[in-house]
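A look at the structure
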Amino acid sequence: MYLTKEEEKMLSGEYGEAKQWAMEILTKFGDSVGAKKMVPIVSSHISCLSLKIPGENEFIDEVLSRNGRVEIFSTSQCISVDLRTWTEMNIDPEVAEKQKKVIMKSIELGIAPTFTCTPYLVGNTPRIGEHVAWCESSAITYANAVLGARTNRECGQSALLAAITGRTPMYGYHLKENRWGDVLIRVRTIIKGEEDFSLLGYLVGREIEIGVPVFEGIKCANSLELRALATSLATTGQIAMFHIIGITPEAQTKEDAFGKQSPREVMDIERSDLDQLESELSSIDVRQVDTVVLGCPHYSIDEIKNIASYLVGRKVKRGKRLLICTSSVMRHLAERAGYADIIRKAGGIIISDTCPVLMVGLRESFGCIGTNSTKMAHYGRLLTKSETFFSDLRNCLEIITER
Ligand code: F3S
């Protein structure tokens, strides 16, 4: 692999042990995937802090033992405990203590304590064409497809190594030719609202598993809808990039979206396909829902405002639970704006920094989960072993609250 003079210096140890070690691993990996050179990155999003994924916390210790620090702006993925509500959520105190220690170490590394799956809402917002090294599948797909930034699907370790050196091997989605579409999705129904986009992505991800889908027939999409599509595509498929003709930045035309290649597959989506999936995602009757989970991915401030407006004059039903997941940045805003107070008074709980899927040390289960996110329904079943009910936001709120 070709290395610049600066990169050679890192590799030779001129800039210290941590950069040398990180560069050694990155060049070896780069060679193995056929990268011809490194590319400088503008930011990283790192997931080594959660207690859920074995081995990731130990990697932080390894970096610290070499006096490593991140070189570029780096945000952190969700953790496993909300240190503000952990007693309310009945989390094992030992687990909370362990999480605190990992947080302190990550701050020592220079990682911003954002603890969110939506780094692009808290200042990590690369521009079109900029290279980054991000973790978190939903954020990766959003960065590539919606922001037009360029990242591969990094794991916690590779994102941290990239943050230490400010470089990542130039391969995969960093190269234009790998960003072109290869499957045409003809959408034969009107897609409107986050739930529709979430269902569409879930279905397409499940069908094609890997590749770059190009959606034709979607007339408009706001940022929340695009986020729902990105998230669900990356839930059932290893999809890090998509295009919507006329909407996403690298697909002003069909020709832009496909570049020099033709689709290897064409798939038609009808309303009946989405309806069928919606019923598949509901393994229980609406009356069995114990906990409604909103904010997967983490809610933005306008979404929290929307929930607060709905909850004025309403209360969460006795024996039920309403959880709203967000970042602590958004929670602070919600506190200041008075939305958090309205939600609390209605009996809702705002969880920041984490979500039910990543939580560790819970002493009681969430019971049956109701949600408007296909990702939460998917992992709710898979990881928390909860039965799930999928519906739109309005319905989720209606079933859990009363006047
Ligand atoms: Fe975020 Fe947890 Fe969903 S990390 S994307 S809220 S599963």
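Structure report, in brief. Keep in mind that what you see is a predicted model, and the values were worked out from it rather than measured.

What follows covers the pattern of salt bridges. Tallying each qualifying case throughout the model produces 22 salt bridges. The closest approach of N and O atoms between Glu 7 and Arg 167, which form a salt bridge, is 2.6 Å. Here the residue Glu 7 occupies a position in helix 1 (residues 5-12), and Arg 167 occupies one in strand 5 (residues 167-169), the gap between them amounting to 160 residues. Close ionic contact of Arg 186 with Asp 268 constitutes a salt bridge, the shortest N to O distance being 2.7 Å. Residue Arg 186 is located in strand 6 (residues 183-187), and its partner Asp 268 is located in strand 9 (residues 265-269); the two are separated by 82 residues in the primary sequence.

This part is about the environment of Ser 74. If you trace the backbone, Ser 74 turns up in strand 3 (residues 73-76). Ser 74 sits in the buried class, given a relative accessible area of 1%. Counting along the chain gives 180 residues from Ser 74 to Lys 254, while the straight-line C-alpha distance between them is 35 Å. A distance of 2.9 Å separates a polar atom in the side chain of Ser 74 from the backbone oxygen of Ile 72.

The next subject is the site of the ligand. In the region of the ligand, the neighbouring residues are Gln 77, Cys 78, Cys 117, Glu 136, Gly 295, Cys 296, Pro 297, Cys 355, Val 357, Leu 358 and Lys 375. With three residues, strand 10 (residues 291-299) is the single largest residue contributor to the shell around the ligand.

Moving on: unusual backbone geometry. With an omega of 0°, the peptide bond between Cys 296 and Pro 297 qualifies as cis. One non-glycine residue, Asn 67, lies in the positive phi region at around 60°. By secondary structure assignment, the location of Asn 67 is in the loop between helix 3 (56-65) and strand 3. Residue class for Asn 67 comes out exposed when judged on its relative accessible area of 69%. Positioned with a positive phi, Glu 136 is a non-glycine residue whose angle comes to about 75°.

Contact geometry for helix 1 and helix 2 (residues 17-32): axes closest at 6 Å, N-to-C directions at 110°. Taken together, the axes of helix 1 and helix 2 are roughly perpendicular relative to one another. Along the contact surface, helix 1 presents Glu 7, Met 10, Leu 11 and Ser 12, while helix 2 presents Lys 19, Gln 20, Met 23, Glu 24 and Thr 27. Across the contact of helix 1 with helix 2, the residue classes tally to three nonpolar, three polar and three charged.

Attention now goes to the sheet that holds strand 9. A sheet is described by the order of its strands in space; here four strands give the open sequence 8-7-6-9, paired in parallel fashion. Strand pairing shows two members of the sheet lacking a second neighbour, strand 8 (243-244) and strand 9, which therefore form its edges. Where strand 7 (residues 213-216) meets strand 8, two bridges bridge the pair, whose relative direction is parallel. Among the inter-strand pairings, Val 214 is bridged to a residue of strand 8, identified as His 243. Strands strand 6, strand 7 and strand 9 of the sheet are contacted by helix 7 (residues 194-208), whose axis makes an angle of about 145° with strand 9.

Our next topic: the sheet that holds strand 2 (residues 43-46). Strand order in the open sheet formed by three strands is 3-2-4, with parallel pairing between adjacent strands. Looking at strand neighbours, the two that pair on one side only are strand 3 and strand 4 (132-134), the edges of this open sheet. Between one strand axis and the next, the sheet turns by 10° as a mean value, whatever way the strands run. Looking at chain direction, strand 2 and strand 4 are connected through three bridges and run parallel. Note on strand 4: the bridge partner recorded for His 45 is Trp 134. Together, strand 2, strand 3 and strand 4 form the strand contacts of helix 6 (residues 156-165), whose direction differs from that of strand 2 by roughly 150°.

About the criteria used
Residues numbered from 1 in each chain as written. Predicted model: local features only at pLDDT ≥ 70, side-chain atom pairs only at ≥ 80, totals over all residues. Heavy atoms only, no water. Salt bridge = Lys/Arg side-chain N within 4 Å of Asp/Glu carboxyl O. Helix = DSSP H or I, 4+ residues; strand = E, 2+ residues; numbered from the N terminus. Buried < 20%, exposed > 50% of the residue type's maximum accessible area, 1.4 Å probe, protein only. Polar contact = N/O pair within 3.5 Å; in protein donor to acceptor, adjacent residues only side chain to side chain. Near = heavy atom within 4 Å. Axes fitted to C-alpha atoms, helices over the stretch in contact; angles between N-to-C directions. Parallel < 35°, antiparallel > 145°, perpendicular 65-115°, else oblique. Contact = heavy atoms within 4.5 Å. Nonpolar A, V, L, I, M, F, W, Y, C, P; charged D, E, K, R; others polar. Pairing = 2+ DSSP bridges.

Note that every value here comes from positions in space, so none of it alone points to a role or purpose.
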